[in-house]
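Examination of the molecular architecture
Residues per chain, in single letters:
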Amino acid sequence: MSRDTAINLIYLVSAVSFLVALKGLGSPKRARQGNLVAAAGMILAIVATFFKHVDGHALYHVPLIILAMAIGLIVAVPVARFVKMTAMPQLVAIFNGVGGGAAALVSITEFVHIKSTHPATYVTLEVLLGVLIGTVSFSGSAIAFAKLQELMTGRPVTYPGQQAINGVVGLGALALIITILVGSSTTLLWVLLGLSFLLGIAFVLPIGGADVPVLISLLNSFTGLAVAASGFTLGSNLLIVAGTLVGASGILLTRLMSAAMGRSLPNILFSAFGSVVTASGESARADGRSVRSGSPEDAAILLGYASRVVIIPGYGLAVAQAQHVVRELAEELEKKGIEVFFAIHPVAGRMPGHMNVLLAEANVPYEQLKEMDEANSELATTDVALVVGANDTVNPAATDDKTSPIYGMPIIHADLAENVLFFKRSMRPGFAGIENELLYNPKTTLVFGDAKDTLTKILASVKTS
Amino acid sequence: MGNTLLQYATVLVLAIFVGIEIIAKVPSILHTPLMSGSNAIHGVIVVGSMLILGAANTNLEEVLGFLAVILGTLNVVGGFVVTDRMLEMFKAKKPAAKAPTSDEVAQ
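Note that residues are indexed from 1 along each chain, following the sequence as it is written. Here the convention is simple: chains get letters from A, ligands get numbers from 1, in the order in which they are written. Local features are withheld for residues below a pLDDT of 70 in this predicted model, meaning they are given only at 70 or higher, and side-chain atom pairs are given and counted only at 80 or more; totals for whole chains, interfaces and linings count all residues.

Turning to the overall build of chain B, a few remarks are in order. Under the DSSP-based scheme used, a helix requires at least four consecutive residues in state H or I and a strand at least two consecutive residues in state E, with every element numbered from the N terminus. Broken down by element type, chain B carries 5 helices and 0 strands. Ordered by position in the sequence, the α and β elements of chain B form the string α-α-α-α-α. Field definition: a residue is buried when 20 or more other C-beta atoms are found within 10 Å of its C-beta, exposed when 12 or fewer are, and partly exposed for counts in between, with C-beta atoms placed from the backbone. In chain B, which comprises 107 residues, the share counted as buried stands at 54%. For every residue pair, C-beta atoms are placed from the backbone, and the pair is scored as a contact if these atoms sit within 7 Å. Expressed as a percentage of contacts within chain B between residues at least 6 apart in sequence, the contacts between residues at least 24 apart total 57%.

Here you go:
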């Protein structure tokens with residue numbers, strides 16, 4: 001068996017491990033195992049690659065390769081290991097972005113490498129696609145990261161003529177691709193790199209913070225496609241298979257996620273134009289109306305008289321790191337014979353499943369978590385709905401107000417419960433920037449303050465009463 | 001347009017169908033870990049980066065290849081570690097789960 005055959009066989013094993021992993025990640029029981037299988041397959045592929053011959057010689061610069069890997073390892077492990085759970089979505093965004101960047105670099109370097117051999121037009125096309133998609137994913141992920149990390153506003157960024165400018169940049173990229181295909185100029189390739197970078201930024205800027213999770217999933221899929229394109233250029237089946245798997249499953253996942261928000265993908269990607277107008281109109285209408293607020297002690301009394309309580313968590317819970325206190329409160333209420341469950345909206349938090357992860361971290365029993373539909377069918381017989389850091393996912397405007405940007409998104413109908421306790425830091429609207437009618441509902445009592453403080457105070461009063 | 005291209009195209013088309021088929025029914029709570037896991041898998045670009053740096057003849061290629069290996073490694077390592085951390089949270093809540101917790105404290 002020749003060296004190449006052996007290495008390709010190992011690559012085949014790796015590719016199969018990725019398949020098994022993706023399959024496993026779709027079921028709660030086998031998900032963690034699946035991830036480890038993929039990691040093992042990856043290590044196998046990397047080790048095998050060290051023995052590969054390129055252009056008829058063994059790999060040059062092996063010490064440099066090892067040095068670069070060591071740098072990557074030293075940076076990635078602590079970051080991935082010790083960043084807070086709340087910052088997970090940002091991490092996924094950034095690790096996706098660097099992958100896109102790597103794919104773009106691989107494509108461009110391979111082009112420089114093989115240019116003197118006058119590659120066929122289709123090879124050039126693969127390179128161009130790799131550079132374009134990889135770079136868009138890189139700069140787009142960077143902006144998504146900035147939005148989630150709140151380094152910049154989470155609201156859609158719009159400016160006059162945005163669509164026209166984006167159109168020009170997009171067409172410019174297309175024209176460049178055609179020019180490079182004809183002339184195969186390396187200089188123009190660098191221009192394409194810059195233009196793609198701008199395109200990624202322009203593409204992500206108008207997307208609102210609440211939609212960023214769907215966006216990250218899409219960019220993830222893009223990186224997969226960029227990797228597949230690099231695989232074509234390098235002639236590597238492994239890269240083609242892995243990249244395409246991620247690309248195809250990523251697009252399907254993106255669609256599933258946008259369906260969970262009750263919206264179509266084009267609506268999420270391109271609807272921000274003009275949404276600012278709607279949002280400002282909404283807040284103007286809400287001016288001058290009164291809300292009812294209460295102290296944590298009032299809230300504790302209300303809870304004490306309930307026989308069934310539902311807790312509706314949102315991103316605010318994650319920000320306040322209140323998951324442990326909320327679990328304690330739930331336990332305390334159960335001790336008093338009050339039935340407690342958590343209603344989890346599929347897109348609560350910054351990513352689907354964010355709340356499940358957070359509450360699982362605080363040891364909330366899995367059986368207490370109910371998905372949206374199940375929770376909604378029980379809300380009418382619930383005494384108190386406790387909204388902790390959620391906002392848009394309980395906003396009745398999604399069902400009532402056709403002009404609302406979130407119209408059509410399925411929500412948790414907190415307003416069906418007998419009473420609503422709404423924890424808020426301020427009267428500021430939620431991440432989507434939309435006024436919430438529920439705040440003005442006569443059933444609703446607002447408890448202002450940091451969610452963790454408020455919960456701690458309520459817990460203390462519940463314990464003593 | 002040789003046979004090689006056709007062979008790669010075949011692989012591409014089959015992988016598209018498998019990719020779609022394999023995650024067709026996933027509960028929404030697993031969307032995030034799945035996204036994160038597939039994020040780690042496209043980190044396989046590190047293999048491509050190694051080949052690029054390993055074939056580099058000029059300084060420019062060396063610099064670009066070096067950067068690519070760093071970025072690719074970040075993607076692989078970060079992707080797998082983050083996914084594992086997420087999935088750690090999904091472990092079953094049984095008394096048996098207490099034991100590893102105390103081990104972690106001991107570390």
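All right, on to the overall build of chain A then. Within chain A, the regular secondary structure consists of 18 helices and 8 strands. Reported as C-alpha extents along the three principal axes, the dimensions of chain A are approximately 80 × 50 × 35 Å. Expressed as a percentage of its 465 residues, the buried residues of chain A come to 52%. For chain A, long-range pairs separated by at least 24 residues make up 79% of all intrachain contacts whose partners lie at least 6 apart in sequence.

So, on to the sheet that holds strand β5 (residues 369-371) of chain A. All names here are of chain A. Any two strands with at least two DSSP bridges between them are considered paired. Strand order in the open sheet made by the 6 strands is β5-β4-β3-β6-β7-β8, with parallel pairing throughout. Single-partner strands in this sheet number two, and they are β5 and β8 (444-448). Put simply, the sheet's adjacent strands are angled 25 degrees from each other on average, direction ignored. Here 5 bridges tie strand β3 (residues 308-313) to strand β6 (residues 384-388), and the two strands are oriented parallel to one another. Bridge pairing links I311 to L386 in β6. Its contacts with the sheet place helix α15 (residues 354-361) against β3, β4 (339-344) and β5, and it is angled at close to 140 degrees to β4. Fitted lines through C-alpha atoms serve as axes, helices being fitted only where they are in contact, and the angles separating the N-to-C directions of these axes extend from 0 to 180 degrees. Set on the sheet, helix α16 (residues 372-379) makes contact with β3, β4, β5 and β6; between it and β5 the angle comes to about 95 degrees.

Our next topic: the interface of chain B and chain A. In this assembly, 72 residues from chain B lie in contact with 98 residues from chain A. Elements represented by at least two residues in the side of chain B that touches chain A include exactly α1 (3-22), α2 (31-41), α3 (45-54) and α4 (59-88) of chain B. Considering each element in turn, the side of chain B that touches chain A owes the most residues, 26 residues, to α4(B). Of the residues belonging to the side of chain B that touches chain A, the class tally is 47 nonpolar, 21 polar and 4 charged. Put simply, Ala, Val, Leu, Ile, Met, Phe, Trp, Tyr, Cys and Pro go in the nonpolar bin, Asp, Glu, Lys and Arg in the charged bin, and everything else, Gly too, in the polar bin.

Here the focus is the packing of helix α2 (residues 31-50) of chain A against α4(B). At a minimum axis separation of 9 Å, α2(A) and α4(B) run at an interaxial angle of 165 degrees. In terms of axis orientation, α2(A) runs roughly antiparallel to α4(B). When you trace α2(A) past α4(B), the crossing you get is left-handed. Counting all contacts with α2(A), which are made through A:A31, A:R32, A:N35, A:A39 and A:M42, the residues of α4(B) involved are B:V76, B:F80, B:T83, B:D84 and B:L87. Split by residue class, the contact of α2(A) with α4(B) holds 6 nonpolar, 2 polar and 2 charged. Roughly parallel here means an angle under 35 degrees, roughly antiparallel means over 145, roughly perpendicular means 65 to 115, and every remaining angle is called oblique. Here a crossing is taken to be left-handed if its near helix is turned anticlockwise relative to the far helix by less than a right angle, and right-handed if that turn runs clockwise.

In this section: the nonpolar core. Formed by 180 residues in total, the largest nonpolar core has its most connected members in A:A242, A:I312, A:V387, A:V388 and B:V44. In contact with A:A242, other than residues within four places in its own chain, are A:A15, A:F18, A:V227, B:I41, B:H42 and B:V44. To count as a nonpolar core, a set of buried Ala, Val, Leu, Ile, Met, Phe, Trp, Tyr and Cys residues must be joined through C-beta atoms within 7 Å.

With that settled, consider the confidence of the model for chain A. Note: predicted coordinates in regions of low pLDDT should not be interpreted at a detailed level. pLDDT runs from 0 to 100 and stands for how confident the predictor is about each residue. Predicted confidence across chain A gives a mean pLDDT of 86, with 94% of residues reaching 70 or more. In the predicted structure, residues 273-287 of chain A sits below a pLDDT of 50 and forms 18 contacts with residues beyond four places in sequence or in another chain.

This part takes up helix α1 (residues 3-24) of chain A. Here, expected helix span is obtained from the residue count minus one, scaled by 1.5 Å. With 22 residues, α1(A) should cover 32 Å at 1.5 Å per step; its first-to-last C-alpha distance of 32 Å lies within 8% of that length. All buried positions along α1(A) are accounted for by A:Y11, A:S14, A:A15, A:S17, A:F18, A:L19, A:A21, A:L22 and A:G24. Residues of α1(A) that are buried in the fold lie against α2 and α9 (237-260) of chain A together with α1 and α2 of chain B.

With that settled, the discussion passes to the environment of B:V46. With respect to the helices and strands, B:V46 occurs in helix α3. Taking the C-beta count within 10 Å as the criterion, B:V46 has 30 such neighbours and is therefore assigned buried. Taking the C-alpha atoms as reference points, B:V46 and B:T73, separated by 27 residues in sequence, lie 6.0 Å from one another. With sequence-adjacent residues up to four places away left out, B:V46 is seen in contact with A:I46, B:V69, B:G72, B:T73, B:N75 and B:V76.

With that out of the way, let us pick up the environment of A:E371. Residue and element names in this part refer to chain A. Secondary-structure assignment places E371 in strand β5. E371 sits in the partly exposed class, given 16 other C-beta atoms within 10 Å. Measuring from C-alpha to C-alpha, the distance between E371 and N356 comes to 10.0 Å, with 15 residues separating the pair along the chain.

Our next topic: the packing of helix α14 (residues 323-335) of chain A against helix α18 (residues 451-464) of chain A. Residues and elements named next belong to chain A. Contact geometry for α14 and α18: axes closest at 9 Å, N-to-C directions at 20 degrees. What the angle tells us is that α14 and α18 run roughly parallel. The handedness of the crossing between α14 and α18 comes out as left-handed. Facing α14, whose interface residues are V325, V326, E328, L329, E332 and L333, α18 presents K452, L455, T456, I458, L459, V462 and K463. Residue composition of the contact of α14 with α18, grouped by class: 8 nonpolar, 1 polar and 4 charged.

Residues and elements named next belong to chain A. Its place among the elements puts L181 in helix α6 (residues 162-183). For L181 and P346, which are 165 residues apart along the polypeptide, the C-alpha to C-alpha distance reads 45 Å. The contact partners of L181, leaving out residues within four places of it in the chain, are T121, T124 and L125.

Once that is clear, we can look at the domain arrangement of chain A. Residues and elements named next belong to chain A. Per the domain assignment, the segments making up chain A are domain 1 (1-82), domain 2 (86-273) and domain 3 (291-464). Every contact between the two is made by 8 residues of domain 1 and, on the other side, 7 residues of domain 2. Its residues assigned to classes, the side of domain 1 that touches domain 2 shows 7 nonpolar, 1 polar and no charged. Domain delimitation in this document rests on an assignment produced automatically or drawn from a domain database.

This part takes up unusual backbone geometry. Most peptide bonds take the trans configuration, and most residues that are not glycine carry a negative phi. Residues and elements named next belong to chain A. Its identity is not glycine, yet D55 carries a phi of approximately 45 degrees, on the positive side. Mapped onto the elements of the fold, D55 is located in the loop between β1 (53-54) and β2 (57-58). In the Ramachandran plot, Q321 falls in the positive-phi region, its phi being about 55 degrees despite a non-glycine side chain. Its location among the elements puts Q321 in the loop between α13 (315-319) and α14.

The next subject is the confidence of the model for chain B. Residues and elements named next belong to chain B. Overall, the prediction assigns chain B a mean pLDDT of 83, with 81% of residues at 70 or greater. Per-element mean pLDDT across chain B ranges from 39 in helix α5 (residues 98-106) up to 96 in α3. Below pLDDT 50 for its whole length, residues 93-107 participates in 5 contacts with residues either more than four positions away or in separate chains. Here the complex is predicted with pTM 0.78, and the ipTM for its interfaces comes to 0.85.

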